[in-house]
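Structural overview for review
The lines below spell out each chain.
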Amino acid sequence: MMKNIISKSVAGISPSATEETSFLANQLKSQGIDIISFAQGEPDFDTPDNIKEAAISAIKAGFTKYTDVPGIPELRKAVAEKFKRENGIDYESDQIIISNGGKQALYQVFRTICEAGDQVLIPTPCYVSYTEQIKLTGAEPIFFETKEENNFRPTFEEVLANLTPRVKAFIINSPNNPTGSVIEKEQLEKIAKFLVEQGVYIITDEVYEHLVYDGCTHISVASLGKKEKEMSIIVNSVSKTYAMTGWRVGYAAGPREIIKAMNNLQGHAAGNVNSIAQKATVEALNGSQESVVRMVKEYEKRREYLVKRLNQIKGVRCRYPDGAFYTFPNVTALYGKKYDGNIIRSDVDVAKFFLNKAHVAVVPGLAFNYSGHIRFVFAKSMEEIKEGLDRIERAIKDLK
Ligand code: PLP
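Note that the coordinates shown come from a computational prediction; the quantities given were computed from them, not determined experimentally.

1. Some details on the site of the ligand
In the neighbourhood of the ligand, 15 residues make up the surrounding shell, with Gly102, Asp205, Tyr208, Ser237 and Lys240 lying closest. Within the side chain of Asn177, one N or O atom sits 2.8 Å away from an oxygen atom of the ligand. Between the ligand and Tyr208 there is a distance of 2.7 Å, counted from an oxygen atom to a side-chain nitrogen or oxygen. Top contributing element to the shell around the ligand by residue count: helix H5 (residues 101–113), with 4 residues. Among the residues making up the shell around the ligand, the classes are represented as 5 nonpolar, 6 polar and 4 charged.

Right, here's the structure in full:
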């Protein structure tokens, strides 16, 4: 009898819906159609020169061999100093591991602390990879929906109502992908205190921590107290802050026992992160932060323009995101409208309509476990944002 080639756990993975959107958009592009994409969650800026120079120097110096699996000592020290300086948290180097992006760090956290029988509680909308990564460990992701009127910030009451005895970990992603929402200190303290009392670990994904607007501040849950720190694992990355998505450098910090186990896992699954990229990351963290300030200012301008204009479009309702480079407007008022014999019935249909009629790519809310909305990325030039919105406005005017 023929055996199944693909294991059940991997066969159970859904393809990333963000990739599906890119695929459809690329198909149209290959037909010569000019598509404006607000789908890809990455900075449009180039990596700052001082970081590139550090990588070039590393190559020239022959820094091209295997390194320690959890990262070069110089980088782990730079990460520890970053935590102290920016987050007010003390970590020793052996509480830090450098991984291939925040993505690998996240997977290794789940793989290290979760197994069959465990549940991980996630507020939605949420980043696409949490669900599939958790399922791969045998654990079960469970969800609750945050509310649009709360600007998608999870509340203590929601956590309380949805916690089960099987929940091993809770995910905080602030600023959030896809909503940009940032949890306020008061709610964060209440949620963290309660979870710590219940013995639930907090996995805190802080990859967008520097991209905050309107005087909003990011607070790491691990900075709230000794117990909160002991029960938290921070995941972070240089991808978004320093426009370094392709370099693949992320990191995790947390209790020694967990980081040590993650190190054992990484040692066999991947080994060290690219030696040259590690050197570049030392410069990103220790060098001038001027380019970050400049990029954040630019994102802030685009956010202002995008949200204002989205709200002027009939059928679209949009809140101001606190951070990240995403906004997540409500598009339910477009349901029931018709074009070319198609009826719009869902956010997936809205995304298809935008792609086919406006030649604009966005990701439907369903990809983030939250229907009725679509995600716009504003890590795009002002010209593209303007042109994309003009196209959407025209297409919507033609709806019946
Ligand atoms: N976490 C969130 C919320 C993200 O949006 C992303 C990327 O889109 C990541 C983690 C992973 O990013 P990277 O692996 O590039 O560090």
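2. Describing the packing of aromatic side chains
Across all of its chains, the model carries 19 aromatic pairs by this definition. Between the aromatic rings of Tyr208 and Phe325, the centroid separation amounts to 5.6 Å while the plane-to-plane angle is 85 degrees, which identifies the pairing as edge-to-face. Of the two residues, Tyr208 sits in the loop between strand S6 (201–205) and helix H9 (226–230) while Phe325 sits in the loop between helix H12 (290–312) and strand S9 (326–327), which places them 117 residues apart along the sequence. Using a relative accessible area of 3% as the deciding quantity, one classes Tyr208 as buried.

3. Concerning the sheet that holds S6
Sheet strands line up and pair through hydrogen bonds in the backbone, either parallel or antiparallel. With respect to topology, 7 strands assemble into an open sheet ordered S2-S8-S7-S6-S5-S3-S4, the strand pairing being mixed. On the outer flanks of this sheet lie strand S2 (96–99) and strand S4 (140–145), each paired with one strand and no other. Averaged over neighbouring strand pairs, the angle between their axes works out to 20 degrees when direction is ignored. Sitting on the sheet, H5 touches S2, strand S5 (167–173), S6, strand S7 (232–237) and strand S8 (250–253), and the angle it makes with S7 is about 160 degrees. This element, helix H10 (residues 256–269), spans S2, S6, S7 and S8 of the sheet and lies at about 30 degrees to S2.

4. Describing unusual backbone geometry
Following Thr124, the chain continues into Pro125 via a peptide bond in cis, with omega recorded as 0 degrees. Its location among the elements puts Pro125 in the loop between strand S3 (119–124) and helix H6 (128–136). For the bond from Asn177 to Pro178, the omega torsion is 25 degrees, close enough to zero to count as cis. With respect to the element layout, Pro178 can be found in the loop between S5 and helix H8 (185–198). Its identity as a non-glycine residue notwithstanding, Ala243 has a phi of 55 degrees, on the positive side. Position of Ala243 among the secondary structure elements: in the loop between S7 and S8. Of note, the phi angle at Arg248 is positive, near 60 degrees, even though the residue is not glycine. If you trace the backbone, Arg248 turns up in the loop between S7 and S8. Judged by its relative accessible area of 33%, Arg248 falls in the partly exposed class.

5. Re the sheet that holds strand S13 (residues 363–364)
The antiparallel open sheet is built from 3 strands, whose spatial order is S9-S14-S13. Both edges of this open sheet fall to S9 and S13, since each of them pairs with a single strand only. Pairing geometry for S9 and strand S14 (residues 374–377), over 2 bridges, is antiparallel. Looking at the pairing, Tyr326 lines up with Val377 of S14.

The rules behind the values
Residues numbered from 1 in each chain as written. Predicted model: local features only at pLDDT ≥ 70, side-chain atom pairs only at ≥ 80, totals over all residues. Heavy atoms only, no water. Near = heavy atom within 4 Å. Polar contact = N/O pair within 3.5 Å; in protein donor to acceptor, adjacent residues only side chain to side chain. Helix = DSSP H or I, 4+ residues; strand = E, 2+ residues; numbered from the N terminus. Nonpolar A, V, L, I, M, F, W, Y, C, P; charged D, E, K, R; others polar. Phe/Tyr/Trp six-rings, centres within 6.5 Å; stacked < 30°, edge-to-face > 60°. Buried < 20%, exposed > 50% of the residue type's maximum accessible area, 1.4 Å probe, protein only. Pairing = 2+ DSSP bridges. Axes fitted to C-alpha atoms, helices over the stretch in contact; angles between N-to-C directions. Contact = heavy atoms within 4.5 Å.

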